[in-house]
Amino acid sequence: MGISRRAFTGGVLGLAAAGGTSLVAAPALADTPTLEAREGAAQLLPPDHAATPIWGYEGQVPGPLIRVRQGERVRRRFVNGLPQASTVHWHGIRIDNAMDGVPDLTQAAVPPGGNFLYDFVAPDAGTYWYHAHTRTWEQLARGLYGALIVEEADGGPALDRDELMLIDDWRLTQEAEIVPNFGAMGDRSHAGRLGNWVTINGAGDWRRTVRRHERLRLRLANVANARILMLGLHGLEGWIVALDGQPLAAPEPLDRLLLAPAQRADLLVDATAEEGSDAFLLSLEREGTFAIATFRVEGVMRPRRLAAPAPLEPNPVAPLHGLADARSARLLMQGGAMGGMQSAIMGGRETEIREMAAWGRVWAFNGVADFPAQPLLELAAGETARIAIVNETAWPHAMHLHGHHFRRIGEDRTLGPLRDTLLLDRQETAEIAFVADNPGDWLLHCHMPEHSAGGMETWIRVG
Ligand code: C2O
Ligand code: CU
């Protein structure tokens, strides 16, 4: 296997940096911790390069790690120190609708200098994340994300080390600045904003020293706008124990792991590389295999590997029932480059694709590129829902449902694992099912924000 360090090749040169901004002072806020979105700098590239100006929570990339026990409350006073409106979305948390952070659907966007109290209970253990949900194509690409880890009430599995790994993909110039062409038409109509520099927790060369036969929990999250990761391991062996925060019924031996934007995977792995050698987390790409994280093996933890792990305790997600007479809907995804879509409803009328494109709209859900006035499905609380998602486009998409976890109904009628984000390949159809037990208006959209801004957004209403 040929493994190489990723070479930095700044793709786009000579673009002007984004306009200067002023910081807004946070108001004095009693006892609730604040989470301020503001400008900052991060050393994304190796130390012989400049630090990169970013937008981050508390000015950092990633934002502060929020870690609570299952069933505990999360309270943060969000303070907007950005030059534009913003909101925080708590991705994958089955949350109160009013705390979901979707502007114009669940709350008003927080203006520059404004603040908003996010206050909710984390019902499920697992690996979750939070990110900006306003002008996401820009704010996520600038670094507005962080992790929310909810610890198992029973203390979780036996392990030696717990590592959070937020994997991002930045589009940087040779001067280490973020290329400011956010939401560019080429990205909207193609694969979304792909970058040229991968970081883990904001570091281009993430490394740890471990001991042989140590057991690690790796909490992986793909926080990139659009890069679909195919991950592998070298010198580490183990299992997938949870996806999108939700435990698998049985740990699944890990070979390769496909991780779409917004998806998470919890791995339990043992360092099996020899002492004195390196183990790697690998990104398997068309151009080759890249080491994106390095684990130096020094010393021995124990003479042999631990036994295979037991499954994690399931979360209190309502079991699926009544699939045969569930309420169902069909979601047809169309448009994009090479999609052949001629027109769609935009601004309430049938509009030619050329005119749509001039407004940045290049995709349609069920023939509509507007944010629909009516929900895709209106459900009574507790009802079972099925949505058949038909991707007629020439591009893969990562479809995310807010407020619920769903299962994919397989062709043989078996049910897949609980997830909050589903990767659909080009021309692929998938049917998902879930119990609509969380009241409110919930977004269903492609998590490549260039695509959702370009028309890939709808919503459901749970009464
Ligand atoms: Cu992680 Cu609607 O988003
Ligand atoms: Cu998409």
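Residues numbered from 1 in each chain as written. Chains lettered and ligands numbered in written order. Predicted model: local features only at pLDDT ≥ 70, side-chain atom pairs only at ≥ 80, totals over all residues. Heavy atoms only, no water.

**Q** Help me understand the overall build of the protein chain, please; the structure alone is not making it clear to me.
**A** Each helix and strand counted, the protein chain has four helices and 32 strands in total. Whereas a compact globule of 463 residues would reach a radius of gyration of roughly 23 Å, the protein chain reaches 22 Å, a difference of no more than 12%. Seen through its principal axes, the protein chain has C-alpha atoms that stretch 70 × 55 × 50 Å. Put simply, the protein chain has 463 residues, and 57% of those count as buried. Long-range pairs, those at least 24 residues apart, make up 76% of the contacts in the protein chain with a sequence separation of at least 6. For the protein chain, the exposed surface amounts to about 18,000 Å²; the carbon and sulfur share of it is 50%. (Helix = DSSP H or I, 4+ residues; strand = E, 2+ residues; numbered from the N terminus. Rg over C-alpha atoms; globule rule 2.2 N^0.38 Å. Buried < 20%, exposed > 50% of the residue type's maximum accessible area, 1.4 Å probe, protein only. Contact = heavy atoms within 4.5 Å. Areas by Shrake-Rupley, 256 points an atom, 1.4 Å probe, with all protein chains shown as cover.)

**Q** Explanation requested: the domain arrangement of the protein chain in the structure shown.
**A** Many analyses report the size of an interface as the accessible area lost when the parts associate. The domain architecture assigned to the protein chain consists of domain 1 (29-151), domain 2 (161-300) and domain 3 (323-462). If you average the C-alpha positions of domain 1 and of domain 2, the two centres end up 21 Å apart. Counting from both sides, the interface comprises 33 residues of domain 1 and, opposite them, 32 residues of domain 2. Of all residues in domain 1, the largest losses of buried area upon contact with domain 2 belong to Leu44, Thr127 and Trp129, amounting jointly to 25% of the total for that side. Residue aspartate 162 is joined to arginine 67 by a salt bridge in which the shortest nitrogen-to-oxygen separation is 3.0 Å. On the surface where domain 1 and domain 2 come into contact, there are twelve residue pairs in polar contact (both at pLDDT 80 or more). When contributions to the side of domain 1 that touches domain 2 are tallied by element, the ones reaching two or more residues are β3 (52-57), β8 (126-132), α1 (136-139) and β9 (145-151). (Domains from an automatic or database assignment. Buried area = accessible area lost by both parts, 1.4 Å probe. Salt bridge = Lys/Arg side-chain N within 4 Å of Asp/Glu carboxyl O. Polar contact = N/O pair within 3.5 Å; in protein donor to acceptor, adjacent residues only side chain to side chain.)

**Q** When you look at the pairing of strand β11 (residues 197-200) in this model, what are you seeing that I'm missing?
**A** Working note: regular strand, side chains alternate between the two faces of the sheet. Along β11, one buried face is formed by Trp197 and Thr199 and the opposite face, lined by Val198 and Ile200, is buried too. Strand direction decides the pairing type here: strand β10 (residues 161-170) and β11, joined by four bridges, are antiparallel. Bridging across to β11, isoleucine 167 finds its partner in isoleucine 200. (Pairing = 2+ DSSP bridges.)

**Q** I keep staring at the coordination of the copper ion (ligand 2) and nothing clicks. Help me out?
**A** Every protein donor of the copper ion (ligand 2) is listed here as His397 (ND1), Cys446 (SG) and His451 (ND1), and their distances to the metal cover 2.0 to 2.1 Å. Ordering the donors of the copper ion (ligand 2) by residue number gives the pattern H-x48-C-x4-H. Placement of histidine 397 in strand β27 (residues 397-401) and of cysteine 446 in strand β31 (residues 440-446) is noted, with a sequence separation of 49 residues between them. Considered together, histidine 397 and cysteine 446 belong to a single accessibility category, that of buried residues. (Donors = N, O, S within 2.8 Å, 3.2 Å for Na, K, Ca; no water.)

**Q** Looking at this structure, I do not really get the sheet that holds strand β32 (residues 457-462). What am I missing?
**A** Strand pairing in a sheet is mediated by backbone hydrogen bonds. Such pairs are either parallel or antiparallel. One open sheet holds the five strands; their spatial order is β25-β32-β31-β27-β29, and the pairing between them is mixed. Looking at strand neighbours, the two that pair on one side only are β25 (377-379) and β29 (421-424), the edges of this open sheet. Ignoring which end each strand starts from, the neighbouring axes of this sheet average 20 degrees apart. Alignment of β31 against β32, held across six bridges, turns out to be antiparallel. (Axes fitted to C-alpha atoms, helices over the stretch in contact; angles between N-to-C directions.)

**Q** Explain the confidence of the model for the protein chain here, please?
**A** Predicted coordinates in regions of low pLDDT should not be interpreted in detail. The predicted model of the protein chain averages 93 in pLDDT, with 94% of residues at 70 or higher. Segment residues 9-29: pLDDT under 50, and 34 contacts once partners within four positions in sequence are set aside and those in other chains are kept. (pLDDT = per-residue confidence, 0-100.)

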